[in-house]
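Residue-level structure breakdown
One-letter residues, chain by chain:
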Amino acid sequence: LAPTGVLASQHFKNVVKRMGEGTRFNKRIALLRGGMSRRTKAGAEIREKILNGEFDVIVGTHALLSSDMEYKDLGLLVVDEEQRFGVKQKERLKLICGGIDVLTLSATPIPRTLQMSLSGIRDTSTIRSPPPMRKPTITYVQDFNKDIVKMAIGKELDRGGQCYYVVPRISMLQEAENLIKECYPDIRIV
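Conventions and cut-offs
- Residues numbered from 1 in each chain as written.
- Predicted model: local features only at pLDDT ≥ 70, side-chain atom pairs only at ≥ 80, totals over all residues.
- Heavy atoms only, no water.
- 1 Å grid on protein atoms, 1.4 Å probe; cavity = no way out; pocket = protein on both sides within 12 Å on 5 of 7 lines; lining within 4 Å.
- Points joined across faces, edges and corners; volume = space filled by probe spheres on them.
- Helix = DSSP H or I, 4+ residues; strand = E, 2+ residues; numbered from the N terminus.
- Nonpolar A, V, L, I, M, F, W, Y, C, P; charged D, E, K, R; others polar.
- Polar contact = N/O pair within 3.5 Å; in protein donor to acceptor, adjacent residues only side chain to side chain.
- Contact = heavy atoms within 4.5 Å.

1. Brief notes about the layout of surface pockets
- In this model, the second largest pocket occupies a volume close to 910 Å³.
- Surrounding the second largest pocket, 31 residues form its lining, Val15, Val57, Ile58, Val59 and Val78 being those nearest its centre.
- Breaking the lining of the second largest pocket down by element, the ones donating at least two residues are helix 1 (5-19), helix 2 (41-51), strand 2 (57-60) and strand 3 (76-80).
- The class makeup of the residues in the lining of the second largest pocket is 19 nonpolar, five polar and seven charged.

Take a look at the structure:
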C-alpha cells in the first residue's frame, strides 16, 4: 500500500522484477491505483480477480482501502510511507488488518509511531545499511537552537531538496511555522 500512484507503480515494477512470473518465485502480481474504480473495465476485472484469490501479491494506492474491496485470505499488509495516510485510511486499515501481519515502512516516522514503539505497543526494526550510493543520514540530538534549524533547512534548500520539520505536539505547529517563515519568508509550507 503506497500513498501515490507513482510510488505504487515503482513498487509494482520492483515486485514484478523480483518475484513475478518468470522468476524463481513465479508470483502473480496486480497493480490497483486511482482511476481503476469498480466502474471501469480494468478496475472491475482486477477487483474480481483479487476477490477470487487469483493474485499472490497486490500493490496499490488508497484504492486498496475502498469500502467495496474484498480480499481472499489476506496474510500480510505492507504500508509504505504510513505518515502520509489520513485518519480515515488508518481506520479502514484497522478493519482490514484484523488477524493479519502488518509491516509499516517509513523513512520519517511520525511522533505517534515513535511513541508507540517506545512504549512497546508496536515493534520497531531499523534498517541500518543504506541502499547503494546513498549518503548516510547524520543525526544530532541537542537542545533547540534557531541558528542550527536555519542552517539545516538552508543547506537542504540549497541542494534543491525538501525538509520535514517534525514537532511533537499539534499545539506547537503554529510556533514552528512562524519560526520557519521568520527564517525563510518565501518558503512554501504544507
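After that view, the rundown keeps rolling.
2. Notes on the environment of Cys163
- Take Cys163: it is sitting in the loop between helix 5 (146-158) and helix 6 (173-183).
- In the structure, Cys163 is positioned 23 residues away from Tyr140 in sequence and 15 Å away in space, judged by C-alpha atoms.

3. Thoughts on the side chain of Thr61
- With respect to the secondary-structure elements, Thr61 resides in the loop between strand 2 and strand 3.
- At 3.3 Å, the side chain of Thr61 forms a polar contact with the backbone nitrogen of Gly34.
- Ignoring any residue separated from it by four or fewer positions in sequence, one finds Thr61 in contact with Leu1, Ala2, Thr4, Gly5, Ala8, Leu32, Arg33 and Gly34.

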